[in-house]
Amino acid sequence: MSHERTYIMVKPDGVERGLVGEIIKRFENKGFQLVGLQLLSPTRKILEKHYEDLSSKPFFPGLMKYMISGPVVAMVWSGKGVVKSGRVLLGETNPLASLPGTIRGDFCIDVGRNLCHGSDSVENAEKEIALWFPHGLVPHERVIEKLIYE
Ligand code: DAT
Ligand code: MG
């Protein structure tokens, strides 16, 4: 079965605070499939491309400084409705507006230290996957699909 895909990234604060496993666990528990994973130190170039829509915002320099401050964990998750559902699992951009039970609601406070990124549309997800995984993904069809989907 071919599913929607999304790009999820644990930001430097999430890696530094040892929350990679916690974030992965929430997507795994839901039933989504991990189809791409890498730990990397992002370059300014890739971050500027990733956040190009925000380049004129006053917080952009601070965002760049934060995102380049350490390694990130870049992931691709696959599943029915995973783009929207992934954003629900993450919570609101501003962690103080995020409900308990969401990643940002449970683990952070400031918008400029909000732990994780999730694509906001199917189109942007595919763009972000191409940017962060230029060599593509490993093909893998899960055997448990029938236990997750009707
Ligand atoms: P999201 O990450 O929820 O998709 P976004 O795409 O609007 O949010 O912004 C990207 C990141 O930029 C966000 O995760 C944190 C930072 N950011 C957004 N709005 C901000 C603000 N008002 N002040 C400081 N940082 C902000
Ligand atoms: Mg965004």
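What counts and what doesn't
- Residues numbered from 1 in each chain as written.
- Chains lettered and ligands numbered in written order.
- Predicted model: local features only at pLDDT ≥ 70, side-chain atom pairs only at ≥ 80, totals over all residues.
- Heavy atoms only, no water.
- Helix = DSSP H or I, 4+ residues; strand = E, 2+ residues; numbered from the N terminus.
- Contact = heavy atoms within 4.5 Å.
- UniProt positions renumbered as here; feature names shortened; annotations may be inferred.
- Polar contact = N/O pair within 3.5 Å; in protein donor to acceptor, adjacent residues only side chain to side chain.
- Pairing = 2+ DSSP bridges.
- Axes fitted to C-alpha atoms, helices over the stretch in contact; angles between N-to-C directions.
- Parallel < 35°, antiparallel > 145°, perpendicular 65-115°, else oblique.
- Left-handed = near helix turned anticlockwise from the far one by under 90°.
- Nonpolar A, V, L, I, M, F, W, Y, C, P; charged D, E, K, R; others polar.
- Near = heavy atom within 4 Å.
- Areas by Shrake-Rupley, 256 points an atom, 1.4 Å probe, with all protein chains shown as cover.

### Section: the side chain of Ser78
Tracing the backbone shows Ser78 in strand β3 (residues 72-78). In this structure, Ser78 is in contact with His3, Glu4, Arg5, Phe32, Gln33 and Val35, ignoring residues within four places of it in sequence.

### Here's the deal with the UniProt feature "binding site: ATP" (unreviewed entry) in the protein chain
Feature annotation in UniProt places "binding site: ATP" (unreviewed entry) on Lys11, Phe59, Arg87, Thr93, Arg104 and Asn114, given in this structure's numbering. Looking at the element boundaries, Phe59 is found in the loop between α3 (44-50) and α4 (60-67). Here Asn114 is to be found in the loop between α6 (103-107) and β4 (116-118). Discounting residues that sit within four places of it in the chain, Asn114 has contacts with Lys11, Asp13, Tyr66, Thr93, Pro95, Arg104 and Cys108. A distance of 3.1 Å separates a polar side-chain atom of Asn114 from the backbone oxygen of Thr93.

### A word on the UniProt feature "domain: Nucleoside diphosphate kinase-like" (unreviewed entry) in the protein chain
Residues annotated by UniProt as "domain: Nucleoside diphosphate kinase-like" (unreviewed entry) correspond here to residues 3-139. With 41% helix and 18% strand, the stretch residues 3-139 has end C-alpha atoms that lie 13 Å from each other.

### Examining the sheet that holds strand β2 (residues 33-40)
Strand order in the open sheet formed by 4 strands is β2-β3-β1-β4, and the pairing between neighbours is antiparallel. Each edge of the sheet is formed by a strand with only one pairing partner; in this case those strands are β2 and β4. Averaged over all pairs of adjacent strands, the angle between strand axes in this sheet comes to 15 degrees, irrespective of strand direction. Where strand β1 (residues 5-10) and β3 come together, 6 bridges link them in antiparallel fashion. When the bridges of β3 are listed, Met9 appears paired with Ala74. Set on the sheet, helix α2 (residues 20-30) makes contact with β1, β2, β3 and β4; between it and β3 the angle comes to about 5 degrees. Sitting on the sheet, helix α5 (residues 82-90) is in contact with β1, β3 and β4, with an inclination near 25 degrees to β1.

### Observations regarding the packing of α2 against α5
At a minimum axis separation of 11 Å, α2 and α5 run at an interaxial angle of 135 degrees. Between α2 and α5, the angle is such that the two are oblique. Here α2 runs over α5; the crossing is right-handed. Of the residues in α5, those touching α2 at Arg26, Phe27 and Lys30 are Ser85, Gly86, Leu89 and Leu90. When the residues that make up the contact of α2 with α5 are grouped by side-chain class, the tally is 3 nonpolar, 2 polar and 2 charged.

### Quick look at the site of ligand 1
Taken together, Lys11, Tyr51, Leu54, Phe59, Leu63, Arg87, Thr93, Arg104, Val111 and Asn114 form the complete shell of residues around ligand 1. Lys11 places a side-chain nitrogen or oxygen 2.9 Å from an oxygen atom of ligand 1. Coverage of ligand 1 by the protein amounts to 72% of the 520 Å² it exposes when considered alone. Looking at the shell around ligand 1 residue by residue, the class counts come to 5 nonpolar, 2 polar and 3 charged.

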